[in-house]
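Structural overview for review
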Amino acid sequence: RLIMSREVTYSGQSFYNKVVECTGDIENAFAMLLLNKKTSTTERLQVGEVLKVSEVTDFEVVDYFTELNRPATLGLSKKENYLLPGEFPFSF
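Check the secondary structure of the protein chain and you find four helices and zero strands. When its helices and strands are written in sequence order, the protein chain yields α-α-α-α. Contacts spanning at least 24 positions in sequence make up 62% of the contacts within the protein chain whose residues lie at least 6 apart. Summing over all exposed atoms, the protein chain offers an accessible surface of approximately 6800 Å²; the carbon and sulfur share of this is 58%.

As structure tokens, this is what we get:
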């Protein structure tokens, strides 16, 4: 069974998504910013980047997220939405 690692960033996740997913409260953003030596909360995260997590303050919110349900608010460009190069959403 694959175990989800909350510390790893996944496609479409912002720093704020990770803060809420890992700690349960957006108010922990500054603590995680310092802990991870980031300069901005709006800095794009790399897929697979491992973040250090500050204290969990709302276990109900943390428990809500699963490997099938994680917060990811960054949209993909249209080009990235297709699985294969040259794939189109319409058939001819």
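From this point on, the discussion continues.
Moving on, we get to the side chain of N17. Summarising the element assignment, N17 is placed in helix α1 (residues 15–23). Here N17 falls in the buried class, since its relative accessible area comes to 8%. Within the structure, the side chain of N17 is placed 2.8 Å from the backbone nitrogen of S14, a separation counted as a polar contact.

Let us look at the pattern of salt bridges. Tallying each qualifying case throughout the model produces three salt bridges. When the shortest N-O distance is used, the salt bridge between K38 and E43 registers 3.6 Å. We classify K38 as buried; its relative accessible area is 14%. Judged by relative accessible area, which is 33%, E43 ranks as partly exposed. One salt bridge connects E49 with K38, and the closest N-O pair in it is separated by 2.4 Å. Residue E49 is found in the loop between α2 (29–35) and α3 (59–64), and its partner K38 is found in the loop between α2 and α3; the two are separated by eleven residues along the sequence.

Here we take up the nonpolar core. F15, V19, A29, M32, L33, L45 and L51 together form the largest nonpolar core, which totals seven residues. Among the elements that line this core, the one with the most residues is α2, at three residues. When sequence neighbours within four positions are dropped, the list of residues in contact with M32 reads F15, V19, T23, L51, K52, V53 and S54.

Rules of the game
Each chain has its residues counted from 1, following the order in which its sequence is written. Local features are withheld for residues below a pLDDT of 70 in this predicted model, meaning they are given only at 70 or higher, and side-chain atom pairs are given and counted only at 80 or more; totals for whole chains, interfaces and linings count all residues. Calculated side-chain values reflect all of the structure's heavy atoms, with hydrogen atoms and water omitted. Runs of E in the DSSP output that reach at least two residues are strands. Runs of H or I that reach at least four are helices, and both are numbered from the N terminus. Contact between two residues is taken to exist if any of their heavy atoms lie within 4.5 Å; hydrogens are not considered. For accessible areas, the Shrake-Rupley method is used with a probe of radius 1.4 Å. Any residue's cover is judged against the shown protein chains and nothing else. Burial classes: relative accessible area under 20% of the type maximum marks a residue as buried, over 50% as exposed, and values in between as partly exposed (1.4 Å probe, protein chains only). A 3.5 Å cut-off defines polar contacts: any pair of N or O atoms within that distance qualifies, except that in protein one atom must be a possible hydrogen donor and the other a possible acceptor, and neighbouring residues in sequence count only when both atoms are side-chain atoms. Within this document, salt bridges are pairs made up of a side-chain nitrogen of Lys or Arg and a carboxyl oxygen of Asp or Glu, the two lying within 4 Å of each other. Here, the term nonpolar core denotes a set of buried Ala, Val, Leu, Ile, Met, Phe, Trp, Tyr and Cys residues that are joined through side-chain atoms within 4.5 Å.

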